[in-house]
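Per-entry structural report
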Amino acid sequence: MNVQQQYASIEQIRNQITVKPTNHTESKDAQAVKTFESVFQDTADRIKFSRHASQRLQTRQIDMSEEQKVRLQSAADQAREKGMREPLVMVDNLAFIVNVRNNTVITAVNDTERAVFTNIDGAIIN
């Protein structure tokens, strides 16, 4: 008994599963890539909070409004323009140490009456 099986080449299989657009619009994959790129760019520009800073926000019961977050981001951008690396940023009664290169808040303090800040290279009061 001689049984021969016909195997398809990789190209034949690839041609069977590749979806080609039928009109002049872009494929769904290209649209998904654009969506991912735009989302990535939007989130890359936003300030992030390190694990330590997130814990400080939670334990110190610090709630930030969207307006305060915008002001914090604006101050981080301002610090970058001035060449600062780790400034102290004051937003209302909140103090943040920001790593400008990573666009990340390192720590957050809400009791600034007798606070001491070290290893900063500038301050922005916003």
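Quick note: structure is the one above.
To keep things clear, this report deals only with the structure shown in the data block. (Residues numbered from 1 in each chain as written. Predicted model: local features only at pLDDT ≥ 70, side-chain atom pairs only at ≥ 80, totals over all residues. Heavy atoms only, no water.)

**Points about the overall build of the chain**
Here is the rule: The secondary structure listing takes helices from DSSP runs of H or I that are at least 4 residues long and strands from runs of E that are at least 2 residues long, numbered from the N terminus. Per-residue accessibility, obtained with a 1.4 Å probe over protein chains only, is compared with the maximum for each type, and a residue is labelled buried under 20%, exposed over 50%, and partly exposed between these values. Should any heavy atoms of two residues lie within 4.5 Å, those residues are considered in contact. All accessible-area figures derive from a Shrake-Rupley calculation using a 1.4 Å probe, and residue coverage is judged against the displayed protein chains alone.
Scanning the chain for helices and strands turns up four helices and five strands. Ordered by position in the sequence, the α and β elements of the chain form the string α-α-β-α-α-β-β-β-β. Residues classed as buried in the chain amount to 26% of the 126 residues present. In the chain, the proportion of contacts linking residues at least 24 apart, taken out of those at least 6 apart, comes to 55%. Put simply, the chain shows about 9,900 Å² of open surface, and 50% of that area lies on carbon and sulfur atoms.

**Comments concerning the sheet that holds strand β4 (residues 104-109)**
Here is the rule we go by: Whether two strands pair depends on DSSP finding at least two bridges between them. Only the stretch in contact is used when fitting a helix axis, every axis being a line fitted to C-alpha atoms; angles between N-to-C directions are given from 0 to 180 degrees.
Pairing in this open sheet of five strands is mixed, and the strands run β1-β4-β3-β2-β5 from one edge to the other. Both edges of this open sheet fall to β1 (48-49) and β5 (123-125), since each of them pairs with a single strand only. As judged from the five bridges shared by strand β3 (residues 94-99) and β4, these two strands associate in the antiparallel manner. Bridge pairing in β4 places A95 opposite V109. The strands touched by helix α3 (residues 51-59) within the sheet are β1, β3 and β4, with β4 carrying the most contacts at an inclination of about 30°.

**Concerning the pattern of salt bridges**
To be explicit about the condition: Salt bridges are counted wherever a side-chain nitrogen of Lys or Arg sits within 4 Å of a carboxyl oxygen of Asp or Glu.
Within this structure, the stated rule accounts for four salt bridges. Among the ionic pairs, E67 bridges to R71, the shortest N-O distance being 3.2 Å. Note that E67 and R71 are positioned in helix α4 (residues 66-81) at a spacing of four residues, about one turn of the helix. Judged by its relative accessible area of 18%, R71 falls in the buried class. Here R71 and D92 are joined by a salt bridge, their closest N and O atoms 2.9 Å apart. Residue R71 is found in helix α4, and its partner D92 is found in the loop between β2 (88-91) and β3; the two are separated by 21 residues along the sequence. Take D92: its relative accessible area is 44%, and that puts it in the partly exposed class.

**Digging into the side chain of T107**
Keep this limit in mind: Identification of polar contacts relies on pairs of N or O atoms within 3.5 Å, with a donor-acceptor requirement for protein atoms, meaning one able to donate a hydrogen and the other able to accept it, and with residues adjacent in sequence counted only if both atoms are side-chain atoms.
The topology assignment puts T107 in strand β4. Separated by 3.2 Å, the side chains of T107 and H52 make a polar contact. With residues near it in sequence (within four places) discarded, T107 still touches H52, A53, R56, A95, F96 and I97.

**Focus: the nonpolar core**
Stated formally: Take the buried Ala, Val, Leu, Ile, Met, Phe, Trp, Tyr and Cys residues and link them wherever side-chain atoms come within 4.5 Å; each set so joined is a nonpolar core.
Formed by 19 residues in total, the largest nonpolar core has its most connected members in L72, F96, V98 and V105. Listing elements by their share of this core, those giving two or more residues are α3, α4, β2, β3 and β4. The element contributing the most residues to this core is α4, with four residues. Beyond its immediate stretch of four places on either side in the chain, L72 contacts I47, F49, M64, V89, V91, F96, V98 and V105. Within the second largest apolar cluster, five residues are counted, among which are L88, M90, A95 and V109.

**Here we look at the environment of I47**
Looking at the element boundaries, I47 is found in the loop between α2 (28-44) and β1. The spacing of I47 and V105 is 58 residues in sequence and 7.2 Å in space, taken between C-alpha atoms. For I47, the residues in contact, after removing those within four places along its chain, are L72, Q73, A76, V98, N103, T104 and V105.

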